[in-house]
Amino acid sequence: MNNRLQTFTRGLVKENPTYVLLLGLCPTLATTTSAINGLSMGLATLFVLVLSNMAISAIARFVPDKVHIPVYIVVIATFVTVLQLLMQAYTPAIYSALGVFIPLIVVNCIVLGRAEAFAGKNGILDSALDGLGVGAGFIISLTVLGMVREILGTGSVFGWKFISGDGILAFVMAPGAFLCMGYLMVLFNKYLKK
Amino acid sequence: MAAKSNLLNMVLCLTLTCLACSAVLGGIYAMTKEPIDQTNAKILSDSIKAVLPEGGELSGAKTEGDLEYYEYNAGGAVTAYAVKSTTSGFGGPLTLMVGVLPDGTVYNTSVLSHTETPGLGAKCTTDPVFTEQWKNFGPEKILAVKKDHGDVDAITASTITSRAYTEAVKQAVDLVKSLAKEDGNE
Amino acid sequence: MEYLFIIVSAIFVNNIMLAQFLGTCPFIGVSNKLSTATGMSMAVCFVMTLATLVTYLLNKYLLLPLGLGFLQTIAFILVIAALVQMVEIVLKKVSPSLYQALGIYLPLITTNCAVLGVAINVVTKQFTFGGGPSHMLNLGEAVVYSFATALGYGLAMVLFAGLREHLALNDVPKDFKGVPIAFITIGILALAFMGFSGIV
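Residues numbered from 1 in each chain as written. Chains lettered and ligands numbered in written order. Predicted model: local features only at pLDDT ≥ 70, side-chain atom pairs only at ≥ 80, totals over all residues. Heavy atoms only, no water.

K.L.:
Would you mind showing me how to read the interface of chain A and chain C here?
P.N.:
Interfaces are often sized by the amount of accessible area the parts lose when they come together. Taken together, the contacts link 36 residues of chain A with 34 residues of chain C. Contact between chain A and chain C buries roughly 3,000 Å² in total, counting both sides, with carbon and sulfur atoms accounting for 86%. The three residues of chain A that bury the most area against chain C are A:Cys26, A:Val107 and A:Phe178, which together make up 22% of that side's buried surface. At the junction of chain A with chain C, the criterion picks out one salt bridge. Two residues, A:Lys190 and C:Asp175, come together in a salt bridge whose shortest N-O distance is 3.8 Å. For the interface between chain A and chain C, the tally reads two residue pairs in polar contact (both at pLDDT 80 or more). Among the elements of the structure, α2 (25-30), α4 (68-90), α6 (109-119) and α8 (174-191) of chain A are those that each provide at least two residues to the side of chain A that touches chain C. If one sorts the elements of the side of chain A that touches chain C by residue count, α8(A) sits on top with twelve residues. When grouped by side-chain class, the residues that make up the side of chain A that touches chain C number 29 nonpolar, six polar and one charged. (Contact = heavy atoms within 4.5 Å. Buried area = accessible area lost by both parts, 1.4 Å probe. Salt bridge = Lys/Arg side-chain N within 4 Å of Asp/Glu carboxyl O. Polar contact = N/O pair within 3.5 Å; in protein donor to acceptor, adjacent residues only side chain to side chain. Helix = DSSP H or I, 4+ residues; strand = E, 2+ residues; numbered from the N terminus. Nonpolar A, V, L, I, M, F, W, Y, C, P; charged D, E, K, R; others polar.)

Below is the structure:
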C-alpha cells in the first residue's frame, strides 16, 4: 500500500515533471498567461496521461518490441482527439483559449515518457496512479506559474483583481514566461529539491 | 514483457491498433458532432444577439465579397444586419461582429477573436470608453480615429488596434449601406 | 512582397521559440554548444518544410474531402513520424556526409512540438501579413512560412547557444546553475525580440 502511495506522490515534488525533469515545457510556458488557463491545461494533460497510461499498460504485453513507440503514439493521439472533441462540445471557451496546445499534448514528452518508463512495465492500477501523480504535479506547476504571471502581469489571481492598475505587462507576454520559469526553478532548487 | 518482433506480428499489431483507434474516434465523433454543432450555433447566435436589438427572424449566413452577414427580418423588411468583419490588427487578425441598422447606424459591436497585446490593444474588448462609444454610433459621424480627423476615441497607446477596429466597423457599415440601397431599389 | 512580409514576420516578429514557445524542450536540450545547435537547426529546417508540405496536401486532398477533419492530430503525427524515418533512411543511402551531420538529431524531431505545431497552425489558423487581409495560407505561402519559421527557430537557437557558451565560463550562483539561468537568459532574449513586434 505504501508503495502505491509512493507511486502517486513521487510525481508531485521529487520527480516533478516540469521543475525537476524539464518535460512538457512548451505548454507550460505558453498556456500559463493566467492561473485558470494553466489549471485547464494541467487538467487536459492529466486526462490524457491517466487514460493513455491505463490503455498502454493493458496492451503493452501484446505489442512487438520494435513497433511499440508508434503504437503508443497512436494510442496517445486517440485520447488527445477524444479530448479535443469533448472540449469543442462542452467547453468551447477554454478550447479556443488553449488553441493549438491541446493537439500538441500528443508530443508532450511527459505523456510518451511515462508510457515508456512506467506504463509499459506495470499493471493498470499502478499506471493509473502514476498518471494521476505526474498529472497532479504538472497541474501544480502550471497553476503556480500561471498565478505568479497573472499576479505580476495584471494584479489579479484567478481573474479576481486585487491590485488596481495595469501590472507589468511583460509578464503576461513571452519574456515573462521564461523569466518566471527561471526564478521558480531557482526557488524549487533551493527549498524543495533535497 | 513485450513480445518478440517479426514482420507478421508487427504488421498485425499496427493494423489492429489503428483499426481500434479509428473505431473509437469514429464513435466519439458521431456522439459529439451534434453537441459541437449546437455549441457553435449558440456561440454565433449569442454574438449576434449581443450586437443587435431583439425582434424579427434571423436569416442564415449570406456572403458578399469577403464578408459574411446575417439579416433580421420582420414583416418582409430587413430591420437590422449583423456583419462578421475581419481586419489585421497589431498582432494578427481581428474579427468583429458588427450590428448595423439599415440607415447605417452602428447598433453595437463585439470582438469575436483577436491576438492583440494583453493590456494594450486587448483593451478593445474591455476599455469602457472605447467599447461604449460604438453603441448607436450614428451615420453622421466619421469612422476614423481622432488622430486621423475622425470621431472615434482611440485606446491609449494602441492606435494600430483602434484603427483596425474602426476599419472593421467601416467595412461592415459600407456593406450595409450598399445592401440597403439595393433593397430600396427593388 | 507578400512573401517578404511572411519571412520577416515568421523569423523575427512571431519567432516560433521566443514568442510562441514551440519547441522548448529540444531548444534547452541541444543549445549547449554552437555546433550541435547548428546541426539541429538544419535538421528542423529540412523536416519542418517537408512536413508542412505533406500535411497540407494530406489535409486538403484527403482529410477534408472525406469529412475526416477530426483525424487531423493523429494523421499529422503519424505522417511526421514516418517522414522523419524516411528522411533518415534516404539520407543514409544518398548522402552519408549529410547524414553524419544531421543523423543524430532526426529522431529527436518527431517529438519536437514545433513541427506538429506549425503543421496544425497552417491548416487551421488565419494569418495576416503586412496589413493585408487575413486569409488561410495557400500551398506556396504555407511552404515559405514553414521554412521561414524554421529559420527563425534556428536563429534563436544559434544566438542562444552562443550566449550559453559564454555563460558556462562565468561564475553563476549555485541555485541558478544550468537550466534556471538559461531560462532567465532566454527571457531577456525574448524581451529583445519583442522590439520587432508591429513592424510588419
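K.L.:
Before we go on, may I ask you to explain the nonpolar core in this structure?
P.N.:
Across soluble globular proteins, nonpolar side chains show a tendency to be buried alongside one another. Counting 128 residues, the largest nonpolar core has A:Ile102, A:Ile105, C:Phe76, C:Ile109, C:Leu116, C:Tyr145 and C:Phe183 as the members making the most contacts within it. The element contributing the most residues to this core is α4(A), with 14 residues. If near-sequence neighbours (up to four positions away) are discounted, C:Tyr145 is found in contact with C:Ile6, C:Ala10, C:Gln20, C:Val118, C:Val122, C:Phe127, C:Phe129 and C:Leu137. Within the second largest apolar cluster, 26 residues are counted, among which are B:Leu96, B:Val106, B:Val173 and B:Leu175. (Core = buried A, V, L, I, M, F, W, Y, C linked by side-chain atoms within 4.5 Å. Buried < 20%, exposed > 50% of the residue type's maximum accessible area, 1.4 Å probe, protein only.)

K.L.:
Would you take a moment to explain the environment of B:Lys42 for this structure?
P.N.:
Tracing the sequence through the fold places B:Lys42 in helix α1 (residues 7-51). Along the primary structure B:Lys42 and B:Ser88 are separated by 46 residues, whereas in three dimensions their C-alpha atoms are 26 Å apart.

K.L.:
How should the side chain of B:Thr105 be read in this particular structure?
P.N.:
Residue and element names in this part refer to chain B. Residue placement: Thr105 occurs in the loop between β5 (93-100) and β6 (106-113). Exposure remark for Thr105: the relative accessible area of 10% places this residue in the buried category. Among the polar contacts made by the side chain of Thr105, one reaches the side chain of Asp103 at a distance of 2.9 Å.

K.L.:
Would you mind showing me how to read the packing of helix α4 (residues 72-94) of chain C against helix α7 (residues 113-124) of chain C here?
P.N.:
Axes are the key here: two packed helices are described by the angle between their axes and the distance separating the axes. All names here are of chain C. Viewed as axis vectors pointing N to C, α4 and α7 meet at an angle of 135°, and their least axial separation amounts to 10 Å. One way to sum up the angle between α4 and α7 is to call them oblique. Crossing hand, α4 versus α7: right-handed. Along its contact with α4, which presents Gln72, Phe76, Ile77 and Ile80, the element α7 presents Val115, Leu116, Ala119, Ile120, Val123 and Thr124. Considering only residue class, the contact of α4 with α7 consists of eight nonpolar, two polar and no charged. (Axes fitted to C-alpha atoms, helices over the stretch in contact; angles between N-to-C directions. Parallel < 35°, antiparallel > 145°, perpendicular 65-115°, else oblique. Left-handed = near helix turned anticlockwise from the far one by under 90°.)

K.L.:
I tried to follow the interface of chain B and chain A on my own but got confused; where do I start?
P.N.:
Listed per partner, the contact involves 25 residues of chain B and 24 residues of chain A. Taken together, both faces of the contact between chain B and chain A bury some 2,100 Å²; the carbon and sulfur share is 80%. The tally of links from chain B across to chain A stands at zero salt bridges. The interface formed by chain B and chain A holds one residue pair in polar contact (both at pLDDT 80 or more) in total.

K.L.:
I keep staring at the side chain of B:Ser47 and nothing clicks. Help me out?
P.N.:
Residues and elements named next belong to chain B. Among the secondary structure elements, Ser47 is positioned in helix α1. The exposure class of Ser47 is buried, given its relative accessible area of 9%. Within the local environment of Ser47, its side chain forms a polar contact with the backbone oxygen of Leu44, the two atoms lying 2.7 Å apart. When residues no more than four places from it in sequence are discounted, the contact partners of Ser47 are Met97, Ser110 and Leu112.

K.L.:
Just checking my understanding: could you explain a nonpolar patch on the surface for this structure?
P.N.:
Residues and elements named next belong to chain A. Nonpolar side chains collect at one region of the surface, where Ile36, Met147, Ile151, Phe158, Trp160, Phe162 and Ile163 lie side by side and expose about 670 Å² of accessible area between them. Secondary-structure assignment places Trp160 in strand β2 (residues 160-161). For Trp160, a relative accessible area of 58% gives the class exposed. (Patch = residues over 30% accessible without salt bridge, like charges linked within 9 Å, V, L, I, M, F, W, Y side chains within 5 Å. Areas by Shrake-Rupley, 256 points an atom, 1.4 Å probe, with all protein chains shown as cover.)

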